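# Residue-level structural notes
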Amino acid sequence: MHIGIVGTGAISAKHALAYSNLGFRLVACTNATPAKGRQFAADHGARYIDTVEELCALPEIDFIDVCTMPDFRLPVVELCARNKKHVLVEKPIATDLPTAARMLAVAAAAGIQIGVISQRRFDDAIFFLRRAIRDGRLGRIVQADAYVKWWRSPEYYSRRIKGSWKTEGGGALINQGIHQADLLLHLIGDVTEVSAQWQLGGVHAIESEDSVSALLRYANGATGVMQVSTAIWPGYPERIEIHGTNGTAILTGDRLTTWDVREDSGEAQPLAAGMASGASDPLAISTIPFERQILDFAEACRAGRAPACSGADGYRALSLVRAIYDSCAANQPVHVATHPPTLGGQS
């Protein structure tokens, strides 16, 4: 596959490494700051293209990888639709739901694939746990929680756009916690109602939240807790805890660290001690799940099927995030509508 990257910030280097490991060719890139874009191109053997319009029109490119700030997504999708290029978007899909819905509608009308990066879905522990829950090994799920107690330094937030509502769509939840929001939806199913509280700039000099706590009600009747912070020093590996009538599974970082299940049988659980986590360093994460997701997206483009983490999945995760924000702002419970209206409730 031949790829063009829009936006050459920190995460784009992880994507470029994943493409190299897969044997894919990074053809070209563009960036709002030309000097940074040219340096990225030189580092990764790509061409620097002056404008996103020119990049999306290159005939040799199979899909566009969007690594921009979250407020610049829709214009790239519209250009991809015009040029019949598939598009892979970094999380979150957008900063607000109307923009995300428009992106999905534009892609559907053009017949192009749109995927959203949520590489944690492609961890071995998530593959195992999804199968185990499907097979009923944990019994009926009664509680499913996510904890992201991370640390981000003042330097991380030194740029005014970091933690801003306009550019990033919020703070800790939409930037760091959206991975766990997606995993809870992926493993347990839809959340129907949330009740949440936040701390706006509790520790950091930002306008949005650096800590948020939410109570969740799932469509299947289970309940849960979601706590997300970038204000907990020195930062601890994220956890997902799932409790069923037959037992408990706990994910720490990218590994399954607890499997306490009564009268268990079936596939052996991949328990492990070591882990990768971005608890205090945003880039201290494995490239392997990125490679797996990119490979799935490439196969989806070739086969004409939806990718394993589609645009609709990205919309669902953003819906949960926005509902938590709405609950915080209104100081009351909020209903969660997780399916994009333009797709008639399909995911």
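Residues numbered from 1 in each chain as written. Predicted model: local features only at pLDDT ≥ 70, side-chain atom pairs only at ≥ 80, totals over all residues. Heavy atoms only, no water.

## Re the sheet that holds strand 4 (residues 63-66)
Taken in spatial order, the six strands line up as 3-2-1-4-5-6 in an open sheet, and their pairing is parallel. This sheet does not close on itself; its edge strands, each paired only once, are strand 3 (47-48) and strand 6 (114-116). Direction of pairing for strand 5 (residues 86-89) relative to strand 6: parallel, over a ladder of three bridges. Looking across to strand 6, one finds that Val 89 is bridged to Val 116. (Pairing = 2+ DSSP bridges. Helix = DSSP H or I, 4+ residues; strand = E, 2+ residues; numbered from the N terminus.)

## Details of the pairing of strand 1 (residues 2-6)
With respect to burial, strand 1 is a largely interior element, four of its five residues being buried. Sheet topology places strand 1 next to strand 2 (residues 25-30); five bridges connect them, and they run parallel. Bridge pairing in strand 2 places Val 6 opposite Thr 30. Handedness of the β-α-β unit built from strand 1, helix 1 (residues 10-22) and strand 2 comes out right-handed. The pairing of strand 1 with strand 4 spans four bridges and is classified as parallel. Residue pairing in the sheet places Val 6 in a bridge with Val 66 of strand 4. (Buried < 20%, exposed > 50% of the residue type's maximum accessible area, 1.4 Å probe, protein only. Right-handed = clockwise from strand over helix to strand, strands pointing away.)

## Concerning the packing of helix 4 (residues 74-83) against helix 5 (residues 97-110)
Packing of helix 4 against helix 5 leaves a shortest axis separation of 9 Å and a crossing angle of 5 degrees. Between helix 4 and helix 5, the crossing angle belongs to the class labelled roughly parallel. Here Leu 74, Val 77, Glu 78 and Ala 81 of helix 4 lie close against helix 5, whose contacting residues are Thr 99, Arg 102, Met 103, Val 106 and Ala 110. Across the contact of helix 4 with helix 5, the residue classes tally to six nonpolar, one polar and two charged. (Axes fitted to C-alpha atoms, helices over the stretch in contact; angles between N-to-C directions. Parallel < 35°, antiparallel > 145°, perpendicular 65-115°, else oblique. Contact = heavy atoms within 4.5 Å. Nonpolar A, V, L, I, M, F, W, Y, C, P; charged D, E, K, R; others polar.)

## Here we look at unusual backbone geometry
Going from Lys 91 to Pro 92, the amide bond is cis rather than trans, its omega being -10 degrees. With respect to the element layout, Pro 92 can be found in the loop between strand 5 and helix 5. The linkage connecting Trp 233 with the following residue, Pro 234, adopts the cis geometry, with an omega of 5 degrees. The phi angle at Lys 84 is positive, at roughly 55 degrees, despite the residue not being glycine. Position of Lys 84 relative to the elements: it lies in the loop between helix 4 and strand 5. Its relative accessible area of 52% is what places Lys 84 among the exposed residues.

## Some details on the pattern of salt bridges
Within this structure, the stated rule accounts for 16 salt bridges. We note a salt bridge from Arg 255 to Asp 254, for which the minimum N-O separation is 3.4 Å. Given the relative accessible area of 34%, Arg 255 is considered partly exposed. When its relative accessible area of 13% is taken as the criterion, Asp 254 is described as buried. Taking the shortest distance from any N to any O, the salt bridge between Glu 299 and Arg 305 comes out at 3.9 Å. Judged by relative accessible area, which is 39%, Glu 299 ranks as partly exposed. In this structure, a network of salt bridges that share partners links the residues Arg 120, Asp 123 and Glu 238. (Salt bridge = Lys/Arg side-chain N within 4 Å of Asp/Glu carboxyl O.)

## Section: the environment of His 243
Mapped onto the elements of the fold, His 243 is located in strand 11 (residues 239-244). Under the relative-accessibility criterion, His 243 is labelled partly exposed at 22%. Considered as a pair, His 243 and Asp 260 are 17 residues apart in the sequence and their alpha carbons are 9.6 Å apart. Apart from the residues lying within four places of it in its own chain, the contact partners of His 243 are Arg 140, Ile 141, Val 142, Gln 143, Asp 145 and Thr 248.

## Observations regarding the packing of aromatic side chains
Counted under the stated rule, the structure contains nine aromatic pairs. Summarising the aromatic geometry, the rings of Trp 165 and Trp 198 are spaced 5.7 Å apart at their centres and angled 50 degrees between planes, so their arrangement reads as tilted. With Trp 165 in helix 7 (residues 165-168) and Trp 198 in strand 8 (residues 191-200), this residue pair connects regions lying 33 residues apart in the sequence. Residue classification places Trp 165 among the partly exposed residues on the basis of a relative accessible area of 28%. What makes Trp 198 partly exposed here is its relative accessible area of 23%. An aromatic cluster is present here, built from Tyr 19, Phe 24, Phe 63 and Phe 297 joined pairwise through their rings. (Phe/Tyr/Trp six-rings, centres within 6.5 Å; stacked < 30°, edge-to-face > 60°.)

## Focus: the sheet that holds strand 8
Here we have eight strands laid out as an open sheet, ordered 13-12-11-7-10-9-8-14, and mixed in their pairing. Single-partner strands in this sheet number two, and they are strand 13 (255-261) and strand 14 (334-335). As paired strands, strand 12 (residues 247-252) and strand 13 are joined by six bridges and run antiparallel to one another. Paired with Gly 247 across the strands is Val 261, a residue of strand 13. Here helix 10 (residues 311-330) sits on the sheet and contacts strand 8, strand 9 (209-218), strand 10 (223-229) and strand 14; the angle it forms with strand 8, its principal contact strand, is near 60 degrees.

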